[in-house]
Each structure stands twice: as structure tokens, then as C-alpha cells.
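Observations on the model geometry
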Amino acid sequence: MSQFLQVFLSGLATGAVYALVAIGFTLVWQAAQTVNFAQGEFVMVPAFFVLIGMHWLGLSFWVALLFGFAVSIVVLGLLFKKLIVEPILPHGGITLIIATMALGILLKESAKEFYGAEAQPFPAMFPGDQIDVFGAAVSLRDLLNLVISLGIVILLTLFLNRTRTGRCMQATAQNPGVAEILGVDVKRMVLYTFLINAALAALASFLITPVYLAKFSNGETLGLIAFIAAIVGGFNQIRGALVGGLLIGVLDNLTATYVTAQYRAALPLVLLIVIILVRPQGIMGTSEGRAV
Amino acid sequence: MRGLSVRDVWRSVAIALLLVAAILLPIGQKNYIIYVLTSWLIFTIAAMGLNLTLGYAGQISLAQASFMAIGAYVTALLTLAGWHWLAALPPALIISFVVGLILGYPALRVKGHFLAFVTLAFNTLVFLVLRNEDWLTGGTYGLSGMPRPDFGLFSTDKHLPFYYFTLGITVIAALALWGIVRSPWGRAFKALRENPVRAESLGVDTRRVTLLAFAIGSVYGGLAGALITPLVQFIEPGSFGLAHSLRILLMVVVGGAGYFFGPFIGAAVVILLPEVLRFTEGYYLIIYSALVIVMLVFVPSGLIGVWGRLKAKVWPKQQVRTDMAEGAGLQ
């Protein structure tokens, strides 16, 4: 039982970080019909910005974190929207999907060539001490990751539901035409969505990189899992992405421990195919009324 | 039959010239260059299949490499068991067809990015099976030592004969595809791409057409795989991962989705450009992906579309119905 709890909690902690990435993905999809295939790389890159801040610019760790956060928002939010999404979106969704794939390769190879191909140690924000939870040994870092991720999700939900800007963003996502008529600055709201996506990716990066080390290839699996979490939970719901992320994190850990480690990577994929075929709107999602 | 227009004559002359160039090009070249040219032809076949699925029928698939894997592994296992390559080819193609048909079923329910994810997941599942089931596939070590086909007087053991052998098969595959896209099926594919509802209401069986688009596209993937086996004589799961599906997709888009000759150009760019950029060493993928993004911003309809766009600017003419014209606006 204590082993189950241990596996369950660490799965929940990883899943919460997946959820952050999946939520960003969902927001961008809602606001701009952009399916970002580089989302995994968006999580890989901020850690490298922090490392650059620490080792090249000589900043201290916490300052470097702020530096990495700011650079991520500019590069992965603002520049991504202005230079890639805006010019390519009118050519169609599939063209944009391919462009984001190319962007993924670009980011990955740049990290490899300009920083290094080896996995780089990345300082943790919290100590990795083991603590005892009902007989299960759980690392403090996992627990804090879980708490912080959930805290971010709650703050984000409050922002979207309770503030004027947040509600304008929701209106933009639901019906840009009507939102525009009602005086919402649609372009600005879409831009905010991209900035929030970049911020979420950066936070996920800072939480997860101490565990995986900073490596150029980190994005490959992470991105795929985030998509799957977003789809499984429901592509048009924040809480869907949250549920999807947690579910995949837990299921992944449980399969690896109790069923098969070899086919561990297959489980989310099978789950994805089943969900898409049986319930394309996701577990929590509502039907979009779009012919998807 | 309508008579040959001036344009058709020019086109035939251009094709004949290109074919002669393809025959003369490898003569006197080093083995490595012949090898690169052969893999260009093989990837052209794979991209032709995806072009049918994506460019003509409008169904995105990120699983073309997994059909190459199916074709390659079936051919490898059978030729290693002593079958002749020609005998191993039909089973490889039939299995690709059937699996492609099955993969087409999700496309009946979902479109666009959802379909992209399903096919992407399928590709990764095939990769995992190839890697984990080592009793059949040799696991991560793969399979090696597959013989090249021998036709009595014409043995393909050397690189140059194998190139001509591949060229012959490419020409046959291209002719077959030409037949398909000119046939009522081809028109049905385009109708499906442009407006599925209208196609359905005009009596096109969209269900069957969607499945066929996947199945035929997969057969081309399987054929390309069946040629990779004797070319490389070593196959492993890593050669058929998601990255390779993306490469094939890139070929289709770079060349021009929905254009018959798009895949030839696309495969040439994707296979040969890295060789040209080799002097930049590690930076080539960076330059390459940046070039792709720039191209998608400025010429989203692919390189083959550049000429048409220039011409339309200088010499505008009447709009043609999009299901009659070549080239796809991918939504």
C-alpha cells in the first residue's frame, strides 16, 4: 500500500507539471486555433535561458530564474506569435502545424549546438529531502511541485473568471467576432494568451528540469504527453487539461511499476486513440459544435 | 479525348528530359552519390503516397514512416527466409494496404489536428512494437544482411544497377499514381478535400474514398520500405520513427501538396539539402528548419507553387475551380 501511495503521489506531481503545459496548449488553441507542436521544446528552452543567465552572464540562481522567465515570455510568447503564428495562420491550420514542427527542430538543435549536447545539471528550487506521508517516502520536491502547479492553476482560473481582462480573454476564445463588437480588444487578448502560454511553459520548465536535467531532447516526450493530456481531458477546458495531465502522470507511473516498463510509453498513446475515437471532446470537455 | 495542347507537349518534353537526366545523372559518380540519389527516389515514392492522402484527399497523416517500416520489415523477414524480392513485395504491399485501411477508420470520425495526433500515436506505437518484440524484429539491433534482388542477367548487387532498378519502380509507381489521380477516384479524392459535404451530396461515397486515400497512400509507403530494405541492407526501428514521418510530410509540403510533381522536388530538397549544407556541420538542421519556416511564411503552397504564383502575378487569368486545379490549400 505504501508503495502504491508513493507511486501515486510522484505520478500526481509529474502529472501536475504536465497539466501546466497542457493548459497553455489549450489556451493557445482556443484563442488562435494554433496547435503548437513545439510545445515540448517550449518547456525545454526556458531552463537553458536560466543556465545562460547563470553561466554566461554570471547571475545568481534566483535572478537567473527571473531572467529566464522574462526571456521566455518575449521569445516564446511575443516573437512566436508575431513571427510565426501571425504570418502563417491565414495559410491554414496544417501549414501552421508543420511550421511549429520546424520550430521545434530549430529550438532543439539550437540548444544542442549553442549550449551543449550533454545533460546539464539544473539547480532545484527546493531540497529533495524525503518525507514520510502515511508510510510512503515522498520527496519534498515532488510535493512542492504538486502544490505550486495546482496553485498556479487556481490563480489562472481566478484570473480568467474574476478579472475583466480574463473575461475578455474568454470572450475572445468563445466568439472573437461578437467579442470585438462588444468592445474587446481581440488582438491584445490573443497576445495575452500567447504570453500566458509562454509563462506556463517556463514555470513547468523550472519545476521539472531539476528532475530530468536540462537536455536538448527533453521536449520530445514532454510535448507529446502534454498534447495527449490536453486531448484526453478535453481540448476546450482548463479543468480538462488539468485532469488529463494528472491522469496521465499517475497512469504512466502505475503502468511502469505494476504492468510493463517496456510498453510504458504506449499507454498514453492508446489512451489518446481510444479517447479520440470514443469521446473526441475529451473526458471533461463539451462538444465544440465544430466539425472536427 | 481532347487534343494535346501546347502546354501538354511542353510538359511531356520536360518529363522526357528529366527522365533522361535521371538516367544519365549517376553515371561516373561515386557510390555515395548514387546511394543518395537512390534514397531520393525511394523517399519520393513514400512522399507520393502521402501526397495522395494529404495533398489530394486532404487527410493529414503523420504515420507514413510506419508504413515504410511495415514494408521494410515484411520484405526483410521474407527475403531473409529465402524468398525472392519480387515474391516478398506483394505481401508487403497487401499488409500495408490493410493496415492503412484500418488507420483510415479514425479519419472517418476526426479531422485536422485530431487526425494528426491519432496517426502520430500510431507511428509511435509501431515504433514501440518494432523495438520491443525482438523475437520477430530483432529489437533495437534490427535486421541485417538482406540480399538485393537478382534477375538472372540483371543483378542489382552494385549501386548503379540498383539505382536503375529503383528508377524503374519509381516510374511505374508514378504512372500508377498518375492513373489514379486522373481517374474518377482521383476526382473523388479532390472533392473530399475541397468540400466533403458537397461531395457526399453529389453521391461520392466519402467513407470509402477516405479509407481508400489512406490505404493507397500506405501502399506507396510500404513500397518505399520494401526498397529501403535491399538498399541499406540493414533496418532498425530508429529509421522509422516519428521524425521520419515528419520528414516525409515536410517533403510533401515543401514540394507542394496536391501537385503531382511536388514530392519529387520536396524529396530532393529534404534529402539533398542536408548534403549541400554538410559543410556547416552541426548547424545544418538549424539552417534547414529556419528555411522551412521562412518558406511557409512566403510560399505556403510549396516550391512548385512559386512558378504558378509568379505567372499569375504577371499574367492573371481566369480563376479555376479548386477541385479542377492542381495544388491544395491545406486547411
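Residues numbered from 1 in each chain as written. Chains lettered and ligands numbered in written order. Predicted model: local features only at pLDDT ≥ 70, side-chain atom pairs only at ≥ 80, totals over all residues. Heavy atoms only, no water.

You'll find chain B entered in an unreviewed UniProt entry as Amino acid/amide ABC transporter membrane protein 2 (HAAT family), with Chelatococcus asaccharovorans given as the organism. Listed in UniProt under the heading Subcellular location (unreviewed entry), the comment for chain B reads: "Cell membrane". (UniProt positions renumbered as here; feature names shortened; annotations may be inferred.)

For chain A, the name recorded in an unreviewed UniProt entry is Amino acid/amide ABC transporter membrane protein 1 (HAAT family), with Chelatococcus asaccharovorans as its organism. A UniProt comment under Subcellular location (unreviewed entry) is attached to chain A, and it reads "Cell membrane". Here is the UniProt Sequence similarities (unreviewed entry) comment for chain A, exactly as written: "Belongs to the binding-protein-dependent transport system permease family. LivHM subfamily."

Regarding its fold elements, chain B presents 14 helices and four strands. Its C-alpha radius of gyration of 20 Å places chain B within 12% of the 20 Å reference for a compact globule of 331 residues. Oriented by its inertia axes, the alpha-carbon framework of chain B measures out at about 55 × 45 × 45 Å. When the accessible surface of chain B is split by element, carbon and sulfur atoms take 69% of a total near 15300 Å². Positive and negative side-chain charges in chain B, numbering 23 and 13 respectively, have mean positions lying 11 Å apart. (Helix = DSSP H or I, 4+ residues; strand = E, 2+ residues; numbered from the N terminus. Rg over C-alpha atoms; globule rule 2.2 N^0.38 Å. Areas by Shrake-Rupley, 256 points an atom, 1.4 Å probe, with all protein chains shown as cover. Lys, Arg positive; Asp, Glu negative; His and termini not counted. Charge placed at Lys NZ, Arg CZ, Asp CG, Glu CD.)

Looking now at the overall build of chain A. Counting secondary structure elements, chain A contains 11 helices and two strands. Shown N-terminal to C-terminal, the secondary structure of chain A runs as helices and strands in the order α-α-α-α-β-β-α-α-α-α-α-α-α. For 292 residues, the compact-globule estimate of 2.2 N^0.38 gives 19 Å, and the C-alpha radius of gyration of chain A, at 19 Å, lies within 12% of that figure. Expressed along its principal axes, the backbone C-alpha trace of chain A runs to roughly 55 × 50 × 35 Å. Residues counted as buried form 55% of the 292 residues belonging to chain A. When the accessible surface of chain A is summed, it comes to about 12100 Å², and 66% of that surface belongs to carbon and sulfur atoms. (Buried < 20%, exposed > 50% of the residue type's maximum accessible area, 1.4 Å probe, protein only.)

Centre distance and the angle of the planes are the two values used to describe a pair of aromatic rings. Counted under the stated rule, the structure contains 22 aromatic pairs over all chains. Here Phe151 of chain B and Phe165 of chain B contribute two aromatic rings whose centre-to-centre distance is 5.5 Å and whose plane-to-plane angle is 45°, an arrangement assigned as tilted. One end of the pair, Phe151 of chain B, is in strand S2 (residues 150–151); the other, Phe165 of chain B, is in helix H7 (residues 159–182), and 14 residues separate them in sequence. Residue Phe151 of chain B is classed as partly exposed on the basis of its relative accessible area of 29%. Three or more aromatic residues joined by ring pairs form one cluster here, namely Phe25, Phe37 and Phe227 of chain A together with Phe117 of chain B. (Phe/Tyr/Trp six-rings, centres within 6.5 Å; stacked < 30°, edge-to-face > 60°.)

Before going further, it helps to spend a moment on the interface of chain A and chain B. Of the residues lining the interface, 42 residues belong to chain A; the matching set on chain B comes to 38 residues. Contact between chain A and chain B buries roughly 3700 Å² in total, counting both sides, with carbon and sulfur atoms accounting for 80%. One can count zero salt bridges joining chain A with chain B. The interface formed by chain A and chain B holds one residue pair in polar contact (both at pLDDT 80 or more) in total. Broken down by secondary-structure element, the contributors of at least two residues to the side of chain A that touches chain B are helix H1 (2–32), helix H3 (61–88), helix H4 (93–115), helix H9 (219–233) and helix H11 (266–278) of chain A. In terms of residue count, H4 of chain A provides more of the side of chain A that touches chain B than any other element does, 15 residues in total. (Contact = heavy atoms within 4.5 Å. Buried area = accessible area lost by both parts, 1.4 Å probe. Salt bridge = Lys/Arg side-chain N within 4 Å of Asp/Glu carboxyl O. Polar contact = N/O pair within 3.5 Å; in protein donor to acceptor, adjacent residues only side chain to side chain.)

Turning next to the nonpolar core. Judged by nonpolar contacts, the single largest core of 203 residues is most densely connected at Phe37 and Leu103 of chain A together with Met68, Phe117, Phe189 and Ile235 of chain B. Per element, the largest residue contribution to this core is 17 residues, and it comes from H1 of chain A. When sequence neighbours within four positions are dropped, the list of residues in contact with Phe37 of chain A reads Ile97, Thr100, Met101 and Phe227 of chain A together with Leu62, Phe117 and Leu120 of chain B. (Core = buried A, V, L, I, M, F, W, Y, C linked by side-chain atoms within 4.5 Å.)

What follows covers the environment of Leu103 of chain B. Residue and element names in this part refer to chain B. Structurally, the position occupied by Leu103 is in helix H4 (residues 85–109). For Leu103, a relative accessible area of 5% puts it in the buried group. Between the C-alpha atom of Leu103 and that of Val254, which follows or precedes it by 151 residues, the distance is 25 Å.

Right, let's get into the pattern of salt bridges. Summed over all chains, the structure comprises seven salt bridges over all chains. Overlapping salt bridges, with partners in common, bring together Lys81, Lys82 and Glu86 of chain A in one network.

Below, the discussion takes up the pairing of strand S2 (residues 136–139) of chain A. Residue and element names in this part refer to chain A. When strand S1 (residues 130–133) meets S2, the two strands line up antiparallel, connected through four bridges. By the bridge assignment, Ile131 is partnered in S2 with Val138. Where S1 hands over to S2, the hairpin turn is made up of two residues, of which Phe134 adopts a positive phi near 50°. (Pairing = 2+ DSSP bridges.)

Bringing H1 of chain A into the picture now. One full turn of an α-helix is made of 3.6 residues, so residues set three or four places apart face in the same direction. Residues and elements named next belong to chain A. Along its 31 residues, H1 runs 45 Å from first to last C-alpha, staying within 8% of the 45 Å computed at 1.5 Å per residue. Counting buried positions along H1 yields 23 of 31 residues, so the element is predominantly enclosed. The positive-phi residue at the C-terminal boundary of H1 is Gln33, with phi of around 50°. (Expected span 1.5 Å × (residues − 1).)

To continue, consider the environment of Val129 of chain B. Note on placement: Val129 of chain B falls in helix H5 (residues 112–132). With 31 residues separating them in the primary sequence, Val129 of chain B and Val98 of chain B have C-alpha atoms 18 Å apart.

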